[in-house]
Amino acid sequence: MQLDSEDIDVLTYGLMLEIDSCEEFIRCWDYKGNENNEDVVDEKKRLKKAKKLLDLLCGNHYYIIINSQ
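Quick one: what's the story with the packing of aromatic side chains, residue by residue and with numbers?
Tallying each qualifying case throughout the model produces 1 aromatic pair. A ring pair is formed by F25 and W29, whose centres lie 6.3 Å apart and whose planes are at 35°; its orientation type is tilted. Residue F25 and its partner W29 are located together in helix α1 (residues 5–29), separated by 4 residues, close to a single helical turn. Judged by its relative accessible area of 26%, F25 falls in the partly exposed class.

Here it is as structure tokens:
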């Protein structure tokens, strides 16, 4: 499947929303004594994965833009 620029924009926006949601959850629930809570740990994993995917997607988007010129 070939992604066009609009597809990448939609995916990027979705990942940015996911990152914001994870960061908000962590801000509210990650405090001393609660840092090992299963939900907090899971949210940190989701945040890390979303950031990694966003980095990959943006890197590929940059590559696509450069090579399409």
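Lay out the pattern of salt bridges in plain terms, naming residues and giving numbers.
A full pass over the atoms with the stated rule returns 4 salt bridges. Note that R46 and E18 form a salt bridge whose closest N and O atoms lie 2.3 Å from each other. Within this pair, whereas R46 is found in helix α2 (residues 38–68), its partner E18 is found in helix α1, the two being separated by 28 residues in sequence. Looking at E18, the relative accessible area reads 24%, which means it is partly exposed. D30 is the salt-bridge partner of K44, the closest N and O atoms lying 3.0 Å from each other. Pair noted here: K44 is in helix α2 and D30 is in the loop between α1 and α2, with a separation of 14 residues, a long-range link. Residue classification places K44 among the partly exposed residues on the basis of a relative accessible area of 33%.

What counts and what doesn't
Residues numbered from 1 in each chain as written. Predicted model: local features only at pLDDT ≥ 70, side-chain atom pairs only at ≥ 80, totals over all residues. Heavy atoms only, no water. Phe/Tyr/Trp six-rings, centres within 6.5 Å; stacked < 30°, edge-to-face > 60°. Helix = DSSP H or I, 4+ residues; strand = E, 2+ residues; numbered from the N terminus. Buried < 20%, exposed > 50% of the residue type's maximum accessible area, 1.4 Å probe, protein only. Salt bridge = Lys/Arg side-chain N within 4 Å of Asp/Glu carboxyl O.

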